[in-house]
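Descriptive structure summary
Here's the letter readout for the chains.
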Amino acid sequence: MPAGRQGDSATALGPGLAILASMVSVNAGAAWAKGLFPVVGSEGLTALRVGLAALLLLAAVRPWRTRVTRIEARNLLVYGLMLGMMNLCIYRAFERIPLGIAVAIEVTGPLAVVILASRHLRDFVWVACAGLGLWLLLPLRDGAASLDPVGVMYALAAAFCWAMYIVFGKRVSTLKGGQAVAWGMLAASLFAVPFGVAHAGAALFTPSMLMGGLAVALLSSALPYTLEMMALARLPQRVFGILVSAGPAIAALAGFFMLDERLTAIQWLAIALVILASGGAAATAGKR
């Protein structure tokens, strides 16, 4: 291999491994969080996850040391709002449907980013592939496995928020040293924490729940979002879409090993089709 290509591969390897580590971390944290839902609900866990992650990141990064422009502040606000809404919606989906299915629906958000950025008719093949996967996955046909429709709607809302998270995350990824994630997580906590406090009240502040929430915040927010922001700064959106397409499979495995969530063969096939559509769309867009 020519030296230039070796250098390009080495340059891409670091961000690629960061995205993989991010997905493993966030899905392990999601499985851990789902086990705590009976105590404080999805709203309470979202508040703990986002609020504690914001405190950790603010203490570690101290983003106020660098001034941001008005445009950057506006993008950070939208980025943080999408982050908070995405967390709340996907946790509500996790309450009602298996992790792997929820994430398979959610990952259509990054797929939409890839498709909308493309200008080739061939990409609609991937739309059809994803549509087939969702048709197999969702209870839209006779004999389909029963899924809570409210959980499906929350997963779709999380997909939209994830798409906006990628778009606005790319816009603020030029901020150095994790500043974008710290400011974004603070904005997300201002949205999510009131929901959790209103739902769970004093149960959020017991020592055992705070420790559990801290573990979730580290695994599902502080670590993965920092890794993603590092990768977004060095990768095009389409390449990010290829890498995150493996998310549903990782989520399904986390659900299986940590929560004993067992999917049918049809549901695994549907997840595989969504992964194929996401990765394929990003790959063909990258070639053009």
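Please refer to the structure higher up on the page.
Everything numeric here is computed off the predicted structure, so don't read it as measured data.

1. What about the side chain of Ser22?
Relative to the elements of secondary structure, Ser22 occurs in helix H1 (residues 3-34). Exposure remark for Ser22: the relative accessible area of 0% places this residue in the buried category. Here the side chain of Ser22 touches Glu228 through a polar contact of 3.3 Å, side chain to side chain. Ignoring anything within four residues of it in the chain, the contact list for Ser22 reads Pro224, Leu227 and Glu228.

2. Overview of the packing of helix H3 (residues 70-96) against helix H9 (residues 207-232)
Between H3 and H9, the shortest axis-to-axis distance is 14 Å and the interhelical angle comes to 135°. Regarding the angle of H3 to H9, the classification is oblique. As for how H3 packs across H9, the hand of that crossing is right-handed. Counting all contacts with H3, which are made through Tyr79, Leu83, Met86, Asn87 and Tyr91, the residues of H9 involved are Val216, Ser220, Ser221, Tyr225 and Met229.

3. Looking at unusual backbone geometry
With phi around 50°, Arg62 is a residue other than glycine that occupies positive phi space. Following the sequence through the fold, Arg62 ends up in the loop between helix H2 (37-61) and H3. One non-glycine residue, Asp260, lies in positive phi territory at about 60°. Looking at where Asp260 falls in the secondary structure, it is placed in the loop between helix H11 (247-259) and helix H12 (265-287). Under the relative-accessibility criterion, Asp260 is labelled partly exposed at 46%.

The rules behind these values
- Residues numbered from 1 in each chain as written.
- Predicted model: local features only at pLDDT ≥ 70, side-chain atom pairs only at ≥ 80, totals over all residues.
- Heavy atoms only, no water.
- Helix = DSSP H or I, 4+ residues; strand = E, 2+ residues; numbered from the N terminus.
- Buried < 20%, exposed > 50% of the residue type's maximum accessible area, 1.4 Å probe, protein only.
- Polar contact = N/O pair within 3.5 Å; in protein donor to acceptor, adjacent residues only side chain to side chain.
- Contact = heavy atoms within 4.5 Å.
- Axes fitted to C-alpha atoms, helices over the stretch in contact; angles between N-to-C directions.
- Parallel < 35°, antiparallel > 145°, perpendicular 65-115°, else oblique.
- Left-handed = near helix turned anticlockwise from the far one by under 90°.

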